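Coordinates in review
Here are the chains, one letter per residue:
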Amino acid sequence: AGDFEDLKRQIAEAKGRRSEIVAVEGLKELRAALKQTEHGVKDMKAANKETAGVVAAEAAKRAPKRTGKLRMSIRAVGLADAGAVRSSAVAYANPIHWGWHTRPNAAKGWRGGPIAPQPFIYDALDATRGDVLKTYEALIDRAMRENLGD
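Concerning the environment of Lys 49
As for its position among the elements, Lys 49 is in helix 3 (residues 40-62). With relative accessibility at 46%, the residue Lys 49 sits in the partly exposed group. Along the backbone, Lys 49 and Gly 78 are 29 residues apart, and their C-alpha atoms lie at a distance of 3.7 Å. Look past the residues within four positions of Lys 49 in its chain and what remains in contact with it is Ala 76, Val 77 and Gly 78.

Shown next, in the form of structure tokens:
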């Protein structure tokens, strides 16, 4: 029972970690200004994707490797207002990252034991936070110069 309680605690801790990379003061106003330009929104999407790519590259290195499919599935996504790291190409990405405490079920054909959380994406974010901030700042500065002048 102690191992199960420890696993539940690990899963709760992994889920409690923040997924937000950085809050940028004035970002809403910058987005509004860039929307008025020809390439502004594209530049924001590109900046968000490139910044998320810093974390995605590190997450791919840190992901557990059995077949390599999980590592190869990690992608950076850029939206107008956010960047994200995703791994949706393999069904087991979430249980590996967050953990899974109810895996064995003979009736459903599930074998093995519970899966301890391995928050490789969050660990990658923690390891690259400084690089993320530098990359994002440089890309936002470039987008402002190219689209808004100065």
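Text resumes after the structure shown.
Brief notes about the side chain of Asn 48
Mapped onto the fold, Asn 48 is located in helix 3. Under the relative-accessibility criterion, Asn 48 is labelled buried at 4%. At 3.2 Å, the side chain of Asn 48 and the side chain of Tyr 136 are in polar contact. Among residues more than four places away in sequence, those in contact with Asn 48 are Val 77, Gly 78, Leu 79, Ala 80, Asp 81, Ala 82, Gly 83 and Tyr 136.

Observations concerning the pairing of strand 2 (residues 83-86)
Relative to strand 2, strand 1 (residues 75-78) is paired through four bridges, and the arrangement is antiparallel. Among the inter-strand pairings, Ala 76 is bridged to a residue of strand 2, identified as Val 85. Taken together, strand 1 and the strand that follows it, strand 2, pair antiparallel across an intervening segment of four residues.

Some remarks on the packing of aromatic side chains
Enumeration over the complete set of coordinates arrives at one aromatic pair. Ring centres of Trp 98 and Tyr 122 lie 5.5 Å apart, and the angle between their planes is 90°; on these two criteria the pair is classed as edge-to-face. Note that Trp 98 is positioned in helix 5 (residues 93-98) and Tyr 122 in helix 6 (residues 120-148), a separation of 24 residues in sequence. Among the residues examined, Tyr 122 registers a relative accessible area of 9% and is labelled buried.

Definitions and cut-offs
- Residues numbered from 1 in each chain as written.
- Predicted model: local features only at pLDDT ≥ 70, side-chain atom pairs only at ≥ 80, totals over all residues.
- Heavy atoms only, no water.
- Helix = DSSP H or I, 4+ residues; strand = E, 2+ residues; numbered from the N terminus.
- Buried < 20%, exposed > 50% of the residue type's maximum accessible area, 1.4 Å probe, protein only.
- Contact = heavy atoms within 4.5 Å.
- Polar contact = N/O pair within 3.5 Å; in protein donor to acceptor, adjacent residues only side chain to side chain.
- Pairing = 2+ DSSP bridges.
- Phe/Tyr/Trp six-rings, centres within 6.5 Å; stacked < 30°, edge-to-face > 60°.

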